Structures are given as C-alpha cells and as structure tokens.
Amino acid sequence: MAARFVLSAPSQAKLPDLGIPEVAFAGRSNVGKSSLIGRLIGSPKLVRVSRTPGRTQLLNLFEVDGQWSFVDLPGYGYAKLSKKQRKDLRGMVLGYFSDRQTLRVAVMVLDARRTEVSDDDLEMAQWILAGGHDIIAAVTKCDLVPKNRRLNNIRKIEKSLGLERGAALQCSSKSGEGKNELLGRLKDICR
Ligand code: GDP
C-alpha cells in the first residue's frame, strides 16, 4: 500500500475534499490506534505524524493508494485536558461526524483485554451513530488475551457498545491478525 500524510486540520471544514471514500479511526489514547493504522497501511512510521506535538488534538488525514483516505481522530480519555480543550475536541469530532460527506464508516479501536467499554467509548459511539455512520469495532491487542477468552471478551464488548454480533473483529498489530479481514470489510464498504 502506498500511503501519504495529507494534513492535520482543526475542523472538518478545513479538511480538503479528496473525492474518495473515507474511513475514520477513533479510540482511547494508548489503545493501539496508531499501531493498527500503521499495520493497515503497512507504514507504522507514517502514522507517527499524528503523535507529533501540535497534531495530537487534530484530525490527521492520510491518503491511501490514491483510492481512499483515513482520518486518525485524536485519542480520547486523556485526563489532562482542560474543560475548554474537551469542549473544543467535542465540537471538532461532532462536526466531523455530522458534516464529512466522504465518510463511509468509523472504526472504533478497543482493547481486547477488556470486557466492557468506557464511558468515553460510549460517548464516541453515540457521536458516530448520531452522524448516521456505521461502526466497525477493531478489538486490538488480542495477542495479549488467551485464545479461549477472546471470543467471550469480544461478545461482551459488542454488547456493551450495542453492536450486532459479528460487528467486532479481533486484531493484533503485533501479530498482524485481523488485518486482512478488517481491510476486506473496509474495502467492501468503500467500494
Ligand atoms: P495509540 O495511542 O492508540 O495510538 O496507541 P499506540 O499504537 O501508540 O500503542 C500503545 C502501546 O500499545 C504501544 O506500546 C504499542 O506498542 C502497544 N500496542 C499497540 N498495539 C498492540 C498489539 O496489537 N499488541 C500488543 N501486544 N501491543 C500493542
């Protein structure tokens, strides 16, 4: 895959219209979102851009193979934000989900070791659904969970997010597990 970083934007309005289908990635800080995007595009270094100072609270846009785009949303659940920063972030993310015409689906990145999602995750899911978008749950770090517990955890995560059975996929950026299935689903949606 050939990916390029396009730009970081403080709002949906400042994102260029690339005229190609888009996938958004949301997740709590440290959940493994950058690693997963890095795996998907085959270029972990490129995604580090989203972590550089000044860009962590912005919408980071990548173009992939000239055919579709990925938007890396700011990691949430970060306790150190001020009230004002939280409010701005909320406005930015809500604006993105309500107005981004090219958005096709949102991937929520979740931790395979958990059996329930956080309030922040629930809030994010509500924002995505309020914009009229579907959610694919990418349950990552599954390499850290024994195989016999994975499915159980996934079903609980689906349930706590109110998603249908099968809406979540087991992934691991370490082993590469789930990559092809996730890419396949995204391609089907964006085609
Ligand atoms: P982000 O803040 O959500 O972008 O999280 P990162 O992608 O930076 O990952 C946070 C930490 O989790 C890093 O130390 C990663 O090496 C680790 N990590 C990410 N994905 C996986 C995974 O699938 N398996 C394991 N074992 N560790 C992972």
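Structure: see above.
Residues numbered from 1 in each chain as written. Predicted model: local features only at pLDDT ≥ 70, side-chain atom pairs only at ≥ 80, totals over all residues. Heavy atoms only, no water.

Draft legend 1. Highlighting the site of the ligand. Close contacts around the ligand come from 16 residues, with N30, S34, S35, R51 and D143 the closest. Note that an oxygen atom of the ligand is positioned 2.9 Å from one of the backbone N or O atoms of G32. Between the ligand and S173, the relevant distance is 2.8 Å, taken from an oxygen atom to a main-chain nitrogen or oxygen of the residue. Protein chains shield 73% of the accessible area of the ligand, which is 580 Å² for the free molecule. Looking at which element gives the most residues to the shell around the ligand, the answer is helix α1 (residues 33-41), with three residues. Of the residues assigned to the shell around the ligand, the class counts are two nonpolar, eight polar and six charged. (Near = heavy atom within 4 Å. Polar contact = N/O pair within 3.5 Å; in protein donor to acceptor, adjacent residues only side chain to side chain. Areas by Shrake-Rupley, 256 points an atom, 1.4 Å probe, with all protein chains shown as cover. Helix = DSSP H or I, 4+ residues; strand = E, 2+ residues; numbered from the N terminus. Nonpolar A, V, L, I, M, F, W, Y, C, P; charged D, E, K, R; others polar.)

Draft legend 2. Geometry of the environment of T52. In this fold, T52 is placed in the loop between α2 (44-47) and β3 (59-64). In terms of polar contacts, T52 uses its side chain to reach the backbone carbonyl oxygen of V49, at 2.6 Å.

Draft legend 3. Just the packing of aromatic side chains, in detail. For the structure shown, the criterion picks out four aromatic pairs. Ring centres of Y96 and F97 lie 5.3 Å apart, and the angle between their planes is 70 degrees; on these two criteria the pair is classed as edge-to-face. Assessed through its relative accessible area of 0%, Y96 is described here as buried. (Phe/Tyr/Trp six-rings, centres within 6.5 Å; stacked < 30°, edge-to-face > 60°. Buried < 20%, exposed > 50% of the residue type's maximum accessible area, 1.4 Å probe, protein only.)

Draft legend 4. Layout of the sheet that holds strand β7 (residues 168-170). Spatial ordering of the open sheet is given by β1-β3-β4-β2-β5-β6-β7, a layout of seven strands whose pairing is mixed. Each edge of the open sheet is held by one strand with a lone partner, namely β1 (3-9) and β7. Across the sheet, the axes of successive neighbouring strands diverge by a mean angle of 25 degrees, strand direction being ignored. Where strand β2 (residues 22-27) meets strand β5 (residues 103-111), six bridges bridge the pair, whose relative direction is parallel. Its bridge partner being in β5, A26 is matched across the sheet by M108. Helix α4 (residues 119-130) contacts β2, β5 and β6 (135-140) of the sheet and is inclined by roughly 170 degrees relative to β5. (Pairing = 2+ DSSP bridges. Axes fitted to C-alpha atoms, helices over the stretch in contact; angles between N-to-C directions. Contact = heavy atoms within 4.5 Å.)

Draft legend 5. Geometry of unusual backbone geometry. In this structure, D65 takes a positive phi of about 55 degrees despite not being glycine. Inspection of the secondary structure puts D65 in the loop between β3 and β4 (68-72). On the basis of relative accessibility, which here comes to 34%, the residue D65 falls in the partly exposed class. Positive phi, close to 65 degrees, is recorded for K141, a residue that is not glycine. If you trace the backbone, K141 turns up in the loop between β6 and α5 (147-161).

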